[in-house]
Amino acid sequence: MASRPRIGVYICHCGTNIAATVDVEAVTEFAKNLPGVVIARHYTYMCSEPGQALIKEDARKLGLNRVVVASCSPRMHEPTFRAASQEGGVNPYQFEMANIREQCSWVHHDRDEATAKAKALVVAAVAKAARLEPLEDREVGVTPGAVVIGGGVAGMVAALDVAEAGFPAYIVEKSDHLGGHVADLNRTFPDLEPVAEWLPGLIERVQSHPNITVFLNAQVARVEGYVGNFEVTVSGSKVSGSGLGEPGTHSLQVGAIIVATGYKVFDPHRKPEFGYGLYPQVITTLEMERRLAEGDLAVDGKEPEHVVFIKCVGSRDKQLGNPYCSRVCCMISAKQAQLVRQALPDTRVTVFYIDVRTFGKRGEEFYDEARRSGVRYRRGNVSEIYRRGDRVVVRVEDTFLRRTLEVEADLVVLAVGMEARQDTDEIATLLKLPRSADGFFLEAHPKLRPVDTAMDGVFLAGCCQGPKDIPDTIAQARAAAASALIPLLRGTVPVISETAVVDPELCAGCGMCVEVCPFGAPALDPLWGVSRVNAVLCKGCGACAVTCPSKAIQVRHFRPDQILAQVDVLVE
Amino acid sequence: METTEFEPKIVAFLCNWCTYTGADLAGTSRIQYPPNVRIIRLMCSGSVDPTYVLKALLDGADGVLIGGCHPGDCHYQSGNYKARRRIIALKEILKQAGMEEDRVWLRWISASEGQRFADTVRKMTEFLKEKGPNPMKREWAV
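What counts as what
- Residues numbered from 1 in each chain as written.
- Chains lettered and ligands numbered in written order.
- Predicted model: local features only at pLDDT ≥ 70, side-chain atom pairs only at ≥ 80, totals over all residues.
- Heavy atoms only, no water.
- Helix = DSSP H or I, 4+ residues; strand = E, 2+ residues; numbered from the N terminus.
- Rg over C-alpha atoms; globule rule 2.2 N^0.38 Å.
- Buried < 20%, exposed > 50% of the residue type's maximum accessible area, 1.4 Å probe, protein only.
- Contact = heavy atoms within 4.5 Å.
- Areas by Shrake-Rupley, 256 points an atom, 1.4 Å probe, with all protein chains shown as cover.
- Lys, Arg positive; Asp, Glu negative; His and termini not counted.
- Charge placed at Lys NZ, Arg CZ, Asp CG, Glu CD.
- Axes fitted to C-alpha atoms, helices over the stretch in contact; angles between N-to-C directions.
- Left-handed = near helix turned anticlockwise from the far one by under 90°.
- Nonpolar A, V, L, I, M, F, W, Y, C, P; charged D, E, K, R; others polar.
- Domains from an automatic or database assignment.
- Arc of directions from axis to C-beta.
- Buried area = accessible area lost by both parts, 1.4 Å probe.
- Salt bridge = Lys/Arg side-chain N within 4 Å of Asp/Glu carboxyl O.
- Polar contact = N/O pair within 3.5 Å; in protein donor to acceptor, adjacent residues only side chain to side chain.
- Core = buried A, V, L, I, M, F, W, Y, C linked by side-chain atoms within 4.5 Å.
- Disulfide = S-S within 2.5 Å.
- pLDDT = per-residue confidence, 0-100.

Colleague: What am I meant to see in the overall build of chain B here?
Modeller: On a plain count of helices and strands, chain B comes out with five helices and four strands. Along chain B, helices (α) and strands (β) appear in the sequence β-α-β-α-β-α-β-α-α when read from the amino end. Taken against the 2.2 N^0.38 rule, which gives 14 Å for 142 residues, the C-alpha radius of gyration of chain B at 15 Å falls within 12% of a compact globule. For the C-alpha atoms alone, the extent of chain B along its principal axes is close to 40 × 35 × 20 Å. For chain B, the residues scored as buried account for 55% of the 142 residues in total. In chain B, once contacts between residues fewer than 6 apart in sequence are set aside, the share between residues at least 24 apart is 79%. Carbon and sulfur atoms make up 53% of the accessible area of chain B, which totals about 6300 Å². Computing the positive centroid from 20 side-chain charges and the negative centroid from 17, chain B places the two 5 Å apart.

In structure tokens form, the structure reads like this:
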């Protein structure tokens, strides 16, 4: 049976994050008198080295067998304190956290009320800790290989890194070719390097790599499993040496998934006031790329006298629901404006901007070069474009002079931004990935985990996570590949220990747990007529435990007596 | 004016993936809400046993909040649908037993809805203040 609880309670100040609102000394004194508590302390930063040392030393000296830390969310530091407890000789699963920062000191102002609540949360944590049983860490093997969804630059680069590390990589590309949007570009900023000089080589490396399999006209139809052991069903055509195979369904077993589905170019028809599609003089930056590639800048067979660029089309536009910056349009405009000046030295070039954001390496210098080449930058909001004879008139508010201007132009280039793809929804549902308010996929943490997602083993690369340029895309793709390689190289992944377990003495073999489990973890043992749980398949959701009429199946760490003990002390 | 205002006690059973994280986000965003709620973390709203809710009410909680992922977003595919059916059934039973079913709230609050979590706690606290203390505790005390 479980040993008699000897609990150590540690209250964290979190600098002043907790201590400014919660009377940590009062909570500590209070905790000392709780049942099973041997020692209670408070400290500035429990997660710091000396903070963790307190736990380890007390645990050894006082023979603690349970640890409670009242500090931040368990989603933040539970692993830290579990490890510290373990080093002190306490089973890491006999540790419990009281969340007195996110769910107390940060959301309440009144010191008395916050202190009272902190005490309540500590009582509940102590009550649960006293009933926690020791558990073992568990690991399962990893299926080598990764699926990369998307065959643009991000997907190709990520797949190459996985393949170079010696693992199979499968690219699932929706269209009939690799290269994504970059294939539509002519030259890239800020070096004006022709895309044709590097993209075909990249595609060739991907196609000829022995560890890479490419599926074209392909989509992910189904995803099963979990980190280390995914089963991805792909419908599409496999590319082999002899060309594109017949369309079909392919089942891929991999340990990790990289999402590199890219973006959608903003459709300027949604800004009808710009007359795109109505006036041949109004084109997008992508159409301009093609014209620059072909050296054809003529409108109606004539060299344009005045070319106008309009930035932030579909970006930084709250009316459209796109409040974000697309991050590349300032540089694309600076690039194309320079190229126009180079090709047609007598042509005037004007750029209308809200702000100029040419950040990044060599960005500011590039903007300077554009201005030195004779491109005129003018701060202004364009309200309307209409036709006057052979030309169009750009109606714009000069936001420095607060005056409305009308400028005639022969060619207007709309610097269209990036949006989340329409199929982001499907992928989000398939992989259970959350999305941010702008529609792009949400990373697990904006700073600390920029390529991880809420789903273990699923990583993000490129513009599916948000607009970015090619160097940033490649950096993120390589980061995603490196992260995906962690489980692949380790060969094992930790799986939860808090799984369901059946007490065969209580089980009547009714099979309701088998029916209710979405993962097929419990099954009836034909010999004994009772349910047994395959712990590898169990995710610990607890659906079975609620359903079981005799409470024979329970989830470790979330057993009814552990929950009810918390209820008891919380409503006292 | 009355002497001291009645402060309801709310026990909240929140799923680890959505609502618990949403409550954390309310914290990191410093969104203030009444301190009347006490959170118990579970892995899934589908693992909230009706006996937990009953026990909380009979022990004297003035309200019970169950928070889960939005339909379609469950980390375990269908736990929130199971929770929905179970809580509807529980409320039906409470009603037939002459108990106040409106003290039990089931809400879908995602990991990105810190504001919604704070608003829910505020609304529930106000609602329960209006409604008064839970009479069940008195009735059941022996």
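After that view, the rundown keeps rolling.
Colleague: Honestly, the packing of helix α1 (residues 24-32) of chain A against helix α5 (residues 111-131) of chain A in this entry has me stumped. Any pointers?
Modeller: Geometrically, a packed helix pair is captured by the angle between its two axes and the distance between the axes. Residue and element names in this part refer to chain A. Running from N to C, α1 and α5 point in directions that differ by 35°, and their axes come no closer than 10 Å. As α1 runs across α5, the sense of the crossing is right-handed. Only T115, A118, K119, V122 and V123 of α5 make contact with α1, whose side of the interface consists of A26, V27, F30 and A31. Within the contact of α1 with α5, the residues separate by chemical class into seven nonpolar, one polar and one charged.

Colleague: How do you make sense of the environment of A:A545 when you look at a structure like this?
Modeller: Residue and element names in this part refer to chain A. As for its position among the elements, A545 is in helix α14 (residues 543-547). A residue is classified by how much of its surface remains accessible, and A545, at 15% relative accessible area, is buried. The spacing of A545 and A484 is 61 residues in sequence and 34 Å in space, taken between C-alpha atoms. When near neighbours in sequence (up to four residues on either side) are disregarded, A545 contacts K551, I553, Q554 and V555.

Colleague: I keep staring at the domain arrangement of chain A and nothing clicks. Help me out?
Modeller: Accessible area lost during the coming together of the parts is what is often quoted as the interface size. Assigned domains of chain A: these are domain 1 (7-131), domain 2 (146-263 + 420-492), domain 3 (266-417) and domain 4 (500-556). The C-alpha-based centres of domain 1 of chain A and domain 3 of chain A are spaced at 58 Å.

Colleague: Would you explain helix α2 (residues 50-59) of chain B in this entry?
Modeller: Helical periodicity: at 3.6 residues per turn, an α-helix aligns residues three or four positions apart in one direction. All names here are of chain B. Within α2, the full set of buried residues consists of Y52, V53, A56 and L57. The buried side chains of α2 occupy one side of the element, clustering within an arc of 130° when seen end-on. Two residues or fewer past α2, G60 is found with a positive phi of approximately 120°.

Colleague: Looking at this structure, how should I read the interface of chain B and chain A?
Modeller: Tallying the contact residues gives 45 residues for chain B and 40 residues for chain A. Approximately 3800 Å² of surface area, both sides summed, lies buried where chain B meets chain A, with 60% of it carried by carbon and sulfur atoms. In this structure, A:D568 engages B:K55 in a salt bridge whose closest nitrogen and oxygen atoms are separated by 3.1 Å. Viewed at the interface, chain A and chain B are joined by 18 residue pairs in polar contact (both at pLDDT 80 or more). Broken down by secondary-structure element, the contributors of at least two residues to the side of chain B that touches chain A are β1 (10-15), α1 (19-28), β2 (37-42), α2 and α3 (79-96) of chain B. The element that contributes the greatest number of residues to the side of chain B that touches chain A is α1(B), accounting for seven residues.

Colleague: Quick question: what am I supposed to make of the nonpolar core here?
Modeller: One recurring pattern in soluble globular proteins: nonpolar side chains tend to sit buried together. Counting residues in hydrophobic clusters, the biggest one holds 49 residues, and the most contacted among them are B:F13, B:V53 and B:I66. Discounting chain neighbours no more than four positions away, the residues touching B:I66 are B:F13, B:S45, B:V48, B:V53, B:I87, B:V104, B:W105, B:L106 and B:R107. In this structure, A:V148, A:L202, A:V451 and A:F459 belong to the second largest nonpolar core, which totals 42 residues.

Colleague: So what exactly am I meant to see when it comes to the pattern of salt bridges here?
Modeller: Pairing of side chains with opposite charge becomes possible as their charged atoms draw close. All names here are of chain A. Inspection of the entire model under this criterion finds 44 salt bridges over all chains. Residue R222 pairs with E224 through a salt bridge whose shortest N-O separation is 3.7 Å. Judged by its relative accessible area of 43%, R222 falls in the partly exposed class. Residue R421 is joined to D423 by a salt bridge in which the shortest nitrogen-to-oxygen separation is 2.9 Å. By relative accessible area, which is 26% here, R421 ends up partly exposed. A network of salt bridges, in which partner residues are shared, links R388, R391, R395, E406, E408 and D410.

Colleague: I tried to follow the state of the cysteines on my own but got confused; where do I start?
Modeller: Note on terminology: disulfide describes a covalent bond linking the sulfur atoms of two cysteines. Residues and elements named next belong to chain B. Counting across every chain of the model gives one disulfide over all chains. The residue that forms a disulfide with C18 is C69, at a sulfur-sulfur distance of 2.4 Å. Handedness here is read from the sign of the S-S torsion; for C18 and C69, about 100°, the answer is right-handed. One end of the pair, C18, is in the loop between β1 and α1; the other, C69, is in the loop between β3 (63-68) and α3, and 51 residues separate them in sequence.

Colleague: Any chance you could explain the confidence of the model for chain B here in plain terms?
Modeller: Where the model shows low pLDDT, its predicted coordinates should not be examined in detail. The pLDDT averaged across chain B works out to 92; a share of 94% of its residues lies at or above 70. For this predicted complex, the interface score ipTM comes out at 0.95, while the overall pTM is 0.76.

Colleague: Even after reading the chapter, I still don't get the side chain of A:K335, so can you show me in this structure?
Modeller: Summarising the element assignment, A:K335 is placed in helix α9 (residues 329-343). In this view, A:K335 contacts A:R187, A:T188, A:F189, A:L192, A:E289 and A:F366; residues no more than four positions away in its chain are not counted.

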